[in-house]
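What follows is each chain in one-letter form.
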Amino acid sequence: MNIVPGRFDHPDARKLNDLVQAEYVERYGEGDLTPLDPAMFDPPSGLFLLAYDPARRPVGTGAWRAHGAGNGYEEGDAEIKRMFVVREARGRGLARRILARLEETAREAGRIRMVLETGVAQPEAIALYESSGYELLPVERKFGYYREYPNSRCFAKPL
């Protein structure tokens, strides 16, 4: 698998975003409504990654965007967004490789904490993050678009 920087508005990214949105609809009844703009992921204040299989088919994405203090975020936070691997490419460690690259690049960009928001209908994601050293934040420290939702889970990891 090849993991390369890209843009959130790249055709392959849009294709994979459509797939992840469809999966959110299956799991939650609606897609992710978090407002996202491609520029949020432009270096040095973010990064968007695309993963390709050996046949050059797009099979995964992951991104981070910088945050300052406010709305539950802390100064120096990097928030993970659009972590996704297509079903046929799962179980091969690709998500873990994308996550490691996101952490490495956020650290290099001067970010001091990685945060993410996921939901209870994504137990595989929760298992990945917990096994990678992320800690569940208490309800009063939740952040992000879905922080008021009872099924939302927020995690953080010092970089």
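None of these values were measured; they are calculated from a predicted model.

Time to look at helix 2 (residues 94-108). Between its first and last C-alpha atoms helix 2 spans 21 Å; for 15 residues at 1.5 Å apiece the expected length is 21 Å, and the two agree. Along helix 2, the residues that are buried comprise L94, I98, L99, L102, E103, T105 and A106. With its phi angle positive at about 90°, G110 sits one or two positions after the end of helix 2.

Mapped onto the elements of the fold, Q21 is located in helix 1 (residues 11-28). Within polar-contact distance, the side chain of Q21 engages the backbone nitrogen of D32 at 2.7 Å. Apart from residues lying up to four places away in sequence, Q21 is in contact with G31, D32 and R82.

Sheet architecture is open: 7 strands sit in the order 1-2-3-4-5-7-6, paired in mixed fashion. Each edge of the sheet is formed by a strand with only one pairing partner; in this case those strands are strand 1 (2-6) and strand 6 (135-136). Relative to strand 4 (residues 77-85), strand 3 (residues 58-67) runs antiparallel, the two sharing 7 bridges. By the bridge assignment for strand 4, T61 is matched with F84. Against the sheet, helix 1 contacts strand 2 (46-52), strand 3, strand 4 and strand 5 (113-119), and its axis sits at roughly 85° relative to strand 4. In the packing of helix 3 (residues 123-131) onto the sheet, contacts are made with strand 4, strand 5 and strand 7 (152-158), and the angle to strand 5 comes to roughly 160°.

Conventions we followed
Residues numbered from 1 in each chain as written. Predicted model: local features only at pLDDT ≥ 70, side-chain atom pairs only at ≥ 80, totals over all residues. Heavy atoms only, no water. Helix = DSSP H or I, 4+ residues; strand = E, 2+ residues; numbered from the N terminus. Expected span 1.5 Å × (residues − 1). Buried < 20%, exposed > 50% of the residue type's maximum accessible area, 1.4 Å probe, protein only. Polar contact = N/O pair within 3.5 Å; in protein donor to acceptor, adjacent residues only side chain to side chain. Contact = heavy atoms within 4.5 Å. Pairing = 2+ DSSP bridges. Axes fitted to C-alpha atoms, helices over the stretch in contact; angles between N-to-C directions.

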